[in-house]
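Spelled out, the chains give:
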Amino acid sequence: MEDMEARKESIMKTLKKYSQEHLLNGFDKLEESKQKELLDQIETTDFELINSLYNHTREDVKIPESQIAPIEYLDKDKLNGYYRSFQETGEKAIREGKLAAVTMAGGQGTRLGHSGPKGTFDIGLESHKSLFELLSDSLKEQGKKYDVIIPWFIMTSKENNADTIEFFAKRRYFGREKDKNIFFFEQGELPMVDTEGKILIGEDGLIKEAADGHGGIYEALVKNGMTKKMRELGVEWIFIGGVDNCLVKMVDPILMGIAIQKQVTAAGKSVVKANPQEKVGVFCKKNGRPSVVEYTEIPEDMAKATDERGELIYGESHILCNLFNIDAVERMGSKPLPYHTAFKKATYIDKNGNKVVPDGPNAYKFEAFLFDAFGELDDMAILRVKREEEFAPVKNASGVDSPETARELYRKFYNL
Ligand code: UTP
């Protein structure tokens, strides 16, 4: 008990320094185990980082045009004679067990508004299969085609890890129980702060944290020993995709073949940007390195610029379908990424101990983006694929990129 008091006292000093004393307001009312957990949380919080992130929340990010240049790409439909050669190279590597698939399923899916992990969502097909099962089916089928079991790594967050694993266990891992090549790992988290820069306390009396964005993938793969596991399995290439694209093609010999033959450390897939206003990031070069410029950050004239054929110069949309060499992932996992700010709705306990359920966004969440690490790559091959064959995202509850549009695309593709 005395230990706890001494600890609390020293922690209070830190909190005072950063004006976060309110974090201990409800301390006495917590059970002892929770008290310990809260102190652990505070001790591992990087207050300097949180302060600096908060101080940058009001900055408008605009990238100087001079840093950005178009990136070269290959069109999967126009590979002509090279197609077979890429295919053979890629297939050989897949058959040799050099590929692992990673699904990022740690997001909160706030726009969709589904109560469980997004991967458990039923998009409304006759089969009522969840996104996880659709992905699992596709991976299984590809494995059969190349006579190999492709290991599947699933990134969860602290918030949805237990629910995700329970979901899989109840369904006997969709037939992967025996092959044992399915792995779950948790991504990192960061505290949420209010508009005054105060860290929020959640309903459980602990610091309210949120997943640190899909950019947390590299560090999470390394820290949780996943790349080590992959090396033991003989994996050299890692496909990383989202959980919410029900047409994601995790096993693609052409993409693999291109990466191997062109001797690049990564290869990403793009689809043609539908129009200059579409809310997607596009591949580009930034200071000579591969990158993605977000729709919020690209100057309007660049977004609209076309080439002599009338095609958008910055028209290769990034669809979160990327393949990396394992060395590159480990390198990217050892370097910190910049954080972006999102303004979100977050229920919290105020300084008087009352629960507050806000009507609109009230708190900042800090997220790293997967593509901010691309600058670490020497080069990246971009492969333009057909939207209707590989991109059916489930983002919103209705309208664009909704279960309805994804379902249609899925049915069309599989002739259902
Ligand atoms: P989105 O950026 O679309 O976020 O994630 P989201 O959480 O699914 O949905 P909103 O924005 O809250 O509505 C794209 C992919 O990245 C994963 C998601 O699970 C999805 O597969 N992701 C996102 C993570 O794994 N972790 C994160 O912290 C954020």
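Refer to the preceding data block for the structure.
Residues numbered from 1 in each chain as written. Predicted model: local features only at pLDDT ≥ 70, side-chain atom pairs only at ≥ 80, totals over all residues. Heavy atoms only, no water.

(A) Quick look at the overall build of the protein. Across its full length, the protein holds 13 helices and 18 strands. By the compact-globule yardstick of 22 Å for 416 residues, the protein fits well, its C-alpha radius of gyration being 23 Å. Expressed as lengths along the three principal axes of its C-alpha atoms, the size of the protein is roughly 75 × 55 × 40 Å. Out of the 416 residues in the protein, the part that is buried amounts to 51%. At a minimum sequence separation of 6, the contacts of the protein that also span at least 24 residues come to 75%. With 59 positive and 70 negative side-chain charges, the protein shows a separation of 3 Å between the mean positions of the two kinds. (Helix = DSSP H or I, 4+ residues; strand = E, 2+ residues; numbered from the N terminus. Rg over C-alpha atoms; globule rule 2.2 N^0.38 Å. Buried < 20%, exposed > 50% of the residue type's maximum accessible area, 1.4 Å probe, protein only. Contact = heavy atoms within 4.5 Å. Lys, Arg positive; Asp, Glu negative; His and termini not counted. Charge placed at Lys NZ, Arg CZ, Asp CG, Glu CD.)

(B) Inspection of the site of the ligand at higher detail. Among the 20 residues in the neighbourhood of the ligand, the closest are listed as Met 104, Thr 110, Arg 111, Gln 187 and Lys 395. In this structure, an oxygen atom belonging to the ligand sits 2.7 Å away from a main-chain N or O atom of Met 104. Interatomic distance of 2.9 Å between a side-chain N/O atom of Lys 118 and an oxygen atom of the ligand. Starting from 560 Å² of accessible surface for the ligand in isolation, the protein chains cover 91%. (Near = heavy atom within 4 Å. Polar contact = N/O pair within 3.5 Å; in protein donor to acceptor, adjacent residues only side chain to side chain. Areas by Shrake-Rupley, 256 points an atom, 1.4 Å probe, with all protein chains shown as cover.)

(C) Structural detail: helix α4 (residues 82-95). Here α4 spans 20 Å end to end across 14 residues, near enough to the 20 Å set by a 1.5 Å rise per residue. Along α4, the residues that are buried comprise Phe 86, Gly 90, Glu 91, Ala 93 and Ile 94. End-on view of α4: buried residues confined to an arc of 160°, all on one side of the axis. Seen from the buried face of α4, the exposed residues on the opposite side, beyond 90 degrees, are Arg 84 and Lys 92. Against the buried residues of α4 lie β3 (99-104) and α9 (253-261). Just beyond α4, the residue with positive phi is Gly 97, at close to 75°. (Expected span 1.5 Å × (residues − 1). Arc of directions from axis to C-beta.)

(D) Structural context of the sheet that holds strand β14 (residues 340-344). Within the open sheet, the three strands sit side by side as β7-β17-β14. Their pairing is antiparallel. A single partner strand is all that each edge strand has here, and the edge strands are β7 (193-194) and β14. When β14 meets strand β17 (residues 363-367), the two strands line up antiparallel, connected through five bridges. Bridge assignment links Ala 342 to a residue of β17, and that residue is Lys 365. (Pairing = 2+ DSSP bridges.)

(E) Highlighting the packing of aromatic side chains. Following the criterion strictly, the structure yields 20 aromatic pairs and no others. Ring plane angle 55° and centroid distance 6.3 Å describe the contact between Tyr 173 and Phe 184, whose orientation is recorded as tilted. One end of the pair, Tyr 173, is in the loop between α6 (161-170) and β5 (182-186); the other, Phe 184, is in strand β5, and eleven residues separate them in sequence. For Phe 184, a relative accessible area of 18% corresponds to the buried category. Measuring from ring centre to ring centre gives 5.8 Å for Tyr 218 and Phe 324, while their planes differ by 90°; the resulting arrangement is edge-to-face. Highlighted residues: Tyr 218 in helix α7 (residues 217-223) and Phe 324 in strand β13 (residues 316-325), separated in sequence by 106 residues. Overall, Phe 324 belongs to the buried group, its relative accessible area being 0%. Here the aromatic residues Phe 132, Trp 152, Phe 167, Phe 168, Tyr 173, Phe 174 and Phe 184 are joined through ring pairs into a cluster of three or more. Between Arg 171 and the ring centre of Phe 167, over which it is positioned, the NZ or CZ distance is 3.7 Å. (Phe/Tyr/Trp six-rings, centres within 6.5 Å; stacked < 30°, edge-to-face > 60°. Lys NZ or Arg CZ within 6 Å of the ring centre and 35° of its normal.)

(F) Broad picture of the pattern of salt bridges. This structure, assessed with the given rule, holds 36 salt bridges. For the salt bridge of Glu 316 with Arg 384, the shortest nitrogen-to-oxygen distance reads 2.8 Å. Taken together, the residues Glu 316 in strand β13 and Arg 384 in strand β18 (residues 380-384) connect sequence positions 68 residues apart. For Arg 384, a relative accessible area of 8% gives the class buried. Linked through salt bridges whose partners overlap, the residues forming this network are Asp 75, Lys 78, Glu 311, Glu 316 and Arg 384. (Salt bridge = Lys/Arg side-chain N within 4 Å of Asp/Glu carboxyl O.)

(G) Representation of the side chain of Thr 120. For Thr 120, the position within the fold is in the loop between β3 and α5 (131-145). Polar contacts involving the side chain of Thr 120 include one to the side chain of His 114, which spans 2.9 Å. Dropping the residues within four chain positions of it, Thr 120 is found in contact with His 114, Ser 130, Phe 132 and Phe 167.

(H) Layout of the environment of Leu 233. With respect to the secondary-structure elements, Leu 233 resides in the loop between α8 (226-232) and β9 (237-242). A residue is classified by how much of its surface remains accessible, and Leu 233, at 37% relative accessible area, is partly exposed. Spatially, the C-alpha atoms of Leu 233 and Leu 323 are 17 Å apart, while their sequence positions differ by 90 residues. Other than its neighbours up to four places away in sequence, Leu 233 contacts Gly 97, Pro 151, Phe 153, Asn 181 and Phe 183.

Any link to function would need more than the numbers given here.
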